[in-house]
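Spelled out from the first residue to the last, the chains are:
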Amino acid sequence: MSLYCGIACRRKSFWCYRLLSTYVTKTRYLFELKEDDDACKKAQKTGAFYLFHSLAPLLQKSEHQYLAPQHSLLELEKLLGKFGQDTQRIEDSVLIGCSAQREAWFALDLGLNSSSPINASLQKREMETELKGSFIELSKALLQLNVKDASLLSTAQALLRWHDAHQFCSRSGQPTKKNMAGSKRVCPSNKIIYYPQVTPVVITLVSDGTQCLLARQSSFPKGMYSALAGFCDIGESLEEAVRREVAEEVGLEVERLQYSASQHWPFPNSSLMIACHATVKPGQTEIQVNLRELEAAAWFSHDEVAKALRRNGPYTQQLNGTFPFWLPPKLAIAHQLIKEWVEKPICSALPA
Ligand SMILES: NC(=O)C1=CN([C@@H]2O[C@H](COP(=O)(O)OP(=O)(O)OC[C@H]3O[C@@H](n4cnc5c(N)ncnc54)[C@H](O)[C@@H]3O)[C@@H](O)[C@H]2O)C=CC1
Ligand SMILES: [Mg+2]
């Protein structure tokens, strides 16, 4: 690793060296920990652990925010000892990142794989008292976490969930074995390697030049509208997935497409949200909502959307029984996509 940094130092300008060295060093270190079980085990000794119980992260309330506390290996061993659990359990932990100073970060679920669910839930309450925090569902806590913790805990939950659901080889039926970092599982009988799965999802903001199209599913909080989203089918390109989803959900044919950004999204499992802007020809805007997928869809003016962006939902019911129109929170890529459109209605930026 130091050799690599040395080469970078000689070849690159000082500015490049400073930018690259921390990032490259971190990346190479994490790569080493994923490949080398002994190095990973050693990193646990000086590392920090984030704790979960049945996929809910341990959090501590601090004013209007949640904080995710870290625990050392020693603290963790003491905790497991106190609750009569084997310290071997630490080997179930997964690597989720590291600091600039190469302190490795791990996540461990204390509730999964418990021999008795009753015992596990009893221990949960006692552990919360001992750890001076609560295990809170990630979907309920996400909006009150800082960006770093939200991203780390989302990654951790996705990885812990994947390991929990892939305990057995789908070919041999034998138990699979995780490597120390948790970056893969191997079937000891036929050597098949399983890697954590990420599901690609397209999310598209359709515009006709002056308005944008937003939709809601019945499972959304009341009054909230978002961009059109859908899972990619096997064999599809990103462009094909966008065209199909828009046609399926609202009966429109998009003609131009522009990639915006992407985001890891932990719900319902682990999705890679790929966000795009798309246009339809002015005049070809009549929508036919697919009611098996959506509760409603409608065109919204620039003004309506700009106003909704400035407000913070969710809202309570109004006197007439309806809920005001509001948009996904800042953390969701849908919000960023809508904000981009409000700041610079995209159709004019797209190539003809
Ligand atoms: N981060 C963000 O800003 C946003 C994220 N999303 C996420 O996008 C995801 C996809 O959006 P939907 O409109 O629900 O998708 P969708 O339009 O593809 O409809 C969901 C249906 O697709 C089928 N499906 C096909 N492949 C699937 C797979 N791999 N996993 C699960 N279901 C599959 C199922 O029948 C499911 O009921 C949602 O899970 C949601 O969490 C949605 C909007 C905003
Ligand atoms: Mg959809």
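Within any chain, residue numbers begin from 1 and follow the written order of that chain's sequence. Chains carry letters from A onward and ligands carry numbers from 1 onward, assigned in written order. With the structure being a predicted model, the display of local features is reserved for residues of pLDDT at least 70 and the display and counting of side-chain atom pairs for 80 or more, all residues being used for whole-chain, interface and lining totals. Calculated side-chain values reflect all of the structure's heavy atoms, with hydrogen atoms and water omitted.

## As for the coordination of the magnesium ion (ligand 2)
Using the following cut-off: A 2.8 Å cut-off from the metal defines N, O and S donors, relaxed to 3.2 Å for Na, K and Ca; water is not in the atom list, so some sites may appear incomplete. In this text, helices come from DSSP runs of H or I with a minimum length of four residues, and strands from runs of E with a minimum of two, each type numbered from the N-terminal end.
Those donors, Ala 229 (O) and Glu 249 (OE), are the protein atoms that reach the magnesium ion (ligand 2), and they lie 2.1 to 2.2 Å from it. In this pair, Ala 229 is assigned in strand 12 (residues 228-231) and Glu 249 in helix 8 (residues 238-250), connecting sequence segments 20 residues apart.

## Describing the packing of helix 9 (residues 302-310) against helix 10 (residues 333-343)
Convention followed: Inter-axis angles, ranging from 0 to 180 degrees, are taken between N-to-C directions of lines fitted to C-alpha atoms, where helices are fitted over the stretch in contact. Orientation is classified from the angle alone, with under 35 degrees giving roughly parallel, over 145 giving roughly antiparallel, 65 to 115 giving roughly perpendicular, and any other angle giving oblique. In this scheme the handedness of a crossing depends on how the near helix is turned from the far one: anticlockwise by less than a right angle means left-handed, clockwise means right-handed. We call two residues in contact when some of their heavy atoms are within 4.5 Å. Residues are grouped as follows: Ala, Val, Leu, Ile, Met, Phe, Trp, Tyr, Cys and Pro are nonpolar; Asp, Glu, Lys and Arg are charged; every other residue, Gly included, is polar.
Helix 10 packs onto helix 9 with a crossing angle of 130 degrees between their chain directions and a minimal axis gap of 10 Å. Between helix 9 and helix 10, the angle is such that the two are oblique. Helix 9 and helix 10 meet at a crossing whose hand is left-handed. Residues His 302, Val 305, Ala 306 and Leu 309 of helix 9 lie in contact with helix 10, whose contacting residues are His 335, Ile 338, Lys 339, Trp 341 and Val 342. For the contact of helix 9 with helix 10, a count of residues per class yields six nonpolar, two polar and one charged.

## Re the site of ligand 1
Selection rule: Proximity criterion: a residue is near a molecule or strand once any of its heavy atoms comes within 4 Å of it. Here a polar contact means two N or O atoms within 3.5 Å. Within protein one must be a hydrogen donor candidate and the other an acceptor candidate, and residues neighboring in sequence count only if both atoms are side-chain atoms. Here the accessible surface of atoms and residues is derived via Shrake-Rupley with a 1.4 Å probe, and residues count as covered only by protein chains that are part of the display.
Neighbouring residues of ligand 1: 19 residues in total, closest Gln 217, Ala 229, Phe 231, Glu 249 and Ala 334. Residue Glu 245 places a side-chain N or O atom 3.4 Å away from an oxygen atom belonging to ligand 1. Here ligand 1 loses 63% of its free accessible area of 840 Å² to cover by the protein chains. Of all the secondary-structure elements, those providing two or more residues to the shell around ligand 1 are strand 10 (199-207), strand 12, helix 8, strand 13 (256-265) and helix 10.

## Observations concerning the environment of Ser 301
For clarity, the cut-off: Exposure is judged per residue with a 1.4 Å probe applied to protein chains only, and the accessible area is read against the type maximum: over 50% gives exposed, under 20% gives buried, and values in between give partly exposed.
Along the chain, Ser 301 turns up in strand 15 (residues 296-301). Residue classification places Ser 301 among the partly exposed positions, given a relative accessible area of 27%. Taking the C-alpha atoms as reference, Ser 301 lies 9.1 Å from Leu 213; in sequence the two are 88 residues apart. Setting aside residues up to four positions removed in sequence, Ser 301 forms contacts with Thr 210 and Trp 341.

## Let's talk about the domain arrangement of the protein
Here is the rule: Bear in mind that the domain bounds are from an automatic or database domain assignment. Buried area counts how much accessible surface, traced with a 1.4 Å probe, disappears from two parts once they are put together, with both parts' losses summed.
You can read the domains of the protein as domain 1 (9-194) and domain 2 (199-349). Just the C-alpha atoms count here: the centres of domain 1 and domain 2 sit 33 Å apart. Summing the contributions of domain 1 and of domain 2, the shared interface buries around 690 Å²; its carbon and sulfur component is 77%. Of all residues in domain 1, Leu 142, Leu 143 and Arg 161 give up the largest surface area on contact with domain 2, accounting jointly for 50% of the area buried on that side.

## Points about the pattern of salt bridges
Stated precisely, the cut-off is as follows: By salt bridge we mean one thing: a side-chain nitrogen of Lys or Arg within 4 Å of a carboxyl oxygen of Asp or Glu.
For the coordinates displayed, the defined rule picks out eleven salt bridges. A salt bridge links Glu 130 to Lys 82, with the shortest nitrogen-to-oxygen separation between them at 3.0 Å. Highlighted residues: Glu 130 in helix 5 (residues 117-131) and Lys 82 in helix 4 (residues 73-82), separated in sequence by 48 residues. Its relative accessible area of 35% is what places Glu 130 among the partly exposed residues. Accessibility expressed as a relative area gives 57% for Lys 82, which makes it exposed. A single salt-bridge network, built from bridges that share partners, covers Asp 233, Glu 236, Arg 244, Glu 245 and Glu 248.

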